[in-house]
Structures are given as structure tokens and as C-alpha cells.
Amino acid sequence: MLTQRKVTPQKGDLMKNWVFTKDGLYDALKWIAQILLPALGTLYFALARIWGFPYAEEIVGTITAVDAFLGVLLGISSAQYYKQKEGEQ
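We now turn to the structure provided with this report. Note that the structure is a prediction, hence the values are computed from the model and not measured. (Residues numbered from 1 in each chain as written. Predicted model: local features only at pLDDT ≥ 70, side-chain atom pairs only at ≥ 80, totals over all residues. Heavy atoms only, no water.)

What about the packing of aromatic side chains?
The description of an aromatic ring pair uses the distance of the two centres, along with the angle that the planes make with each other.
For step 1, the next point in the chain: Summed over the entire model, instances satisfying the criterion amount to 2 aromatic pairs.
For step 2, the next point in the chain: Taken together, a centroid distance of 5.8 Å and an interplanar angle of 40 degrees make the contact between Tyr44 and Phe53 tilted.
For step 3, the next point in the chain: The partly exposed category is assigned to Phe53, whose relative accessible area is 35%.
For step 4, the next point in the chain: Measuring from ring centre to ring centre gives 5.2 Å for Tyr81 and Tyr82, while their planes differ by 80 degrees; the resulting arrangement is edge-to-face. (Phe/Tyr/Trp six-rings, centres within 6.5 Å; stacked < 30°, edge-to-face > 60°. Buried < 20%, exposed > 50% of the residue type's maximum accessible area, 1.4 Å probe, protein only.)

Okay, structure coming up:
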């Protein structure tokens with residue numbers, strides 16, 4: 001799913017050239033990070049309070065941590081994509 005450009009990384013800059021390059025992959029991951037995971041966390045937390053589901057804080061905390069991590073990866077990918085586009089012009 002993830003691809004990395006065939007560029008020798010600079011020392012100390014491991015993710016410099018890392019970009020999501022599959023068509024639609026970036027958009028799908030962005031939708032997951034912006035819509036699906038926050039909605040899922042909210043739904044579970046609300047239902048856990050109403051129905052007494054176990055581990056509400058732990059599950060919602062995990063969903064939030066995964067969402068934040070995915071957001072960071074998408075931000076890095078987006079920044080590198082636009083940086084590469086500027087370099088091509």
C-alpha cells in the first residue's frame with residue numbers, strides 16, 4: 001500500500017521522501033482519519049456510557065492515538081508531495 005520513492009535518504013532525515021503515491025490511498029486514509037475514526041470513537045464512548053460497555057476510556061483513547069498517528073503520517077505525506085511538486089516546476 002505504501003510506496004517510497006527510490007531516493008537515497010539524507011543522514012538524519014529518514015522520512016524526507018516518503019509519500020503516499022497510490023491513487024486514492026491518500027484520500028481514503030484522509031477520510032478514515034477525519035471522519036471514520038472520530039465518529040467511531042464518539043459512538044463507542046456514547047454507547048459505553050448508555051449500555052455499560054467495558055473499557056470505554058481505553059478503547060476511545062486507543063482510537064484517538066491511532067487517529068493522531070495517522071494524521072501525522074498524512075501531514076508528512078502531504079507536505080512532501082507539495083514539496084516534490086514545487087521541485088518539478
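Quick word on unusual backbone geometry
For step 1, the next point in the chain: One non-glycine residue, Tyr55, lies in the positive phi region at around 55 degrees.
For step 2, the next point in the chain: Following the sequence through the fold, Tyr55 ends up in the loop between α1 (25-51) and α2 (56-88). (Helix = DSSP H or I, 4+ residues; strand = E, 2+ residues; numbered from the N terminus.)

Topic: a nonpolar patch on the surface
For step 1, the next point in the chain: Taken together, the side chains of Leu40, Leu43, Leu47, Ile50, Trp51 and Phe53 make up a nonpolar region of the molecular surface, amounting to roughly 620 Å² of accessible area.
For step 2, the next point in the chain: As for its position among the elements, Leu47 is in helix α1.
For step 3, the next point in the chain: The exposure class of Leu47 is partly exposed, given its relative accessible area of 30%. (Patch = residues over 30% accessible without salt bridge, like charges linked within 9 Å, V, L, I, M, F, W, Y side chains within 5 Å. Areas by Shrake-Rupley, 256 points an atom, 1.4 Å probe, with all protein chains shown as cover. Salt bridge = Lys/Arg side-chain N within 4 Å of Asp/Glu carboxyl O.)

Focus on the environment of Thr62
For step 1, the next point in the chain: You can see Thr62 is positioned in helix α2.
For step 2, the next point in the chain: Spatially, the C-alpha atom of Thr62 lies 8.9 Å from that of Gly41, the residues being 21 residues apart in sequence.
For step 3, the next point in the chain: Within the structure, the side chain of Thr62 is placed 2.8 Å from the backbone oxygen of Glu58, a separation counted as a polar contact. (Polar contact = N/O pair within 3.5 Å; in protein donor to acceptor, adjacent residues only side chain to side chain.)

What about α2?
For step 1, the next point in the chain: Helix length check: α2 (33 residues) gives 48 Å between terminal C-alpha atoms against 48 Å at 1.5 Å per residue, within 8%.
For step 2, the next point in the chain: Those residues of α2 that fall on the buried side of the exposure criterion are Ala56, Val60, Ile63, Asp67, Leu70, Leu73, Leu74, Ser77, Ser78, Gln80 and Gln84.
For step 3, the next point in the chain: Against the buried residues of α2 lie α1. (Expected span 1.5 Å × (residues − 1). Contact = heavy atoms within 4.5 Å.)

Description of the nonpolar core
For step 1, the next point in the chain: Counting 7 residues, the largest nonpolar core consists of Leu25, Leu29, Ala33, Leu37, Ile63, Leu70 and Leu74.
For step 2, the next point in the chain: Those elements that provide at least two residues to this core are α1 and α2. (Core = buried A, V, L, I, M, F, W, Y, C linked by side-chain atoms within 4.5 Å.)

Section: α1
For step 1, the next point in the chain: Residue Ile32 marks the point of greatest curvature in α1, where the axis turns by about 40 degrees.
For step 2, the next point in the chain: Those residues of α1 not exposed but buried are Leu25, Leu29, Ala33, Leu37, Gly41, Tyr44 and Ala48.
For step 3, the next point in the chain: In the core, the buried residues of α1 are packed alongside α2.
For step 4, the next point in the chain: Just downstream of α1 lies Gly52, where phi reads positive at about 75 degrees. (Bend = angle between axes of the 7 residues up to and from the residue.)

Remarks on the side chain of Asp67
For step 1, the next point in the chain: Considering the arrangement of structural elements, one finds Asp67 in helix α2.
For step 2, the next point in the chain: Buried Asp67, no salt bridge; nearest opposite-charge side chain is Lys30, N-O distance 12 Å.
For step 3, the next point in the chain: Asp67 has contacts with Ile32, Ala33, Leu37 and Pro38, leaving out every residue within four places of it along the chain. (Lys, Arg positive; Asp, Glu negative; His and termini not counted.)

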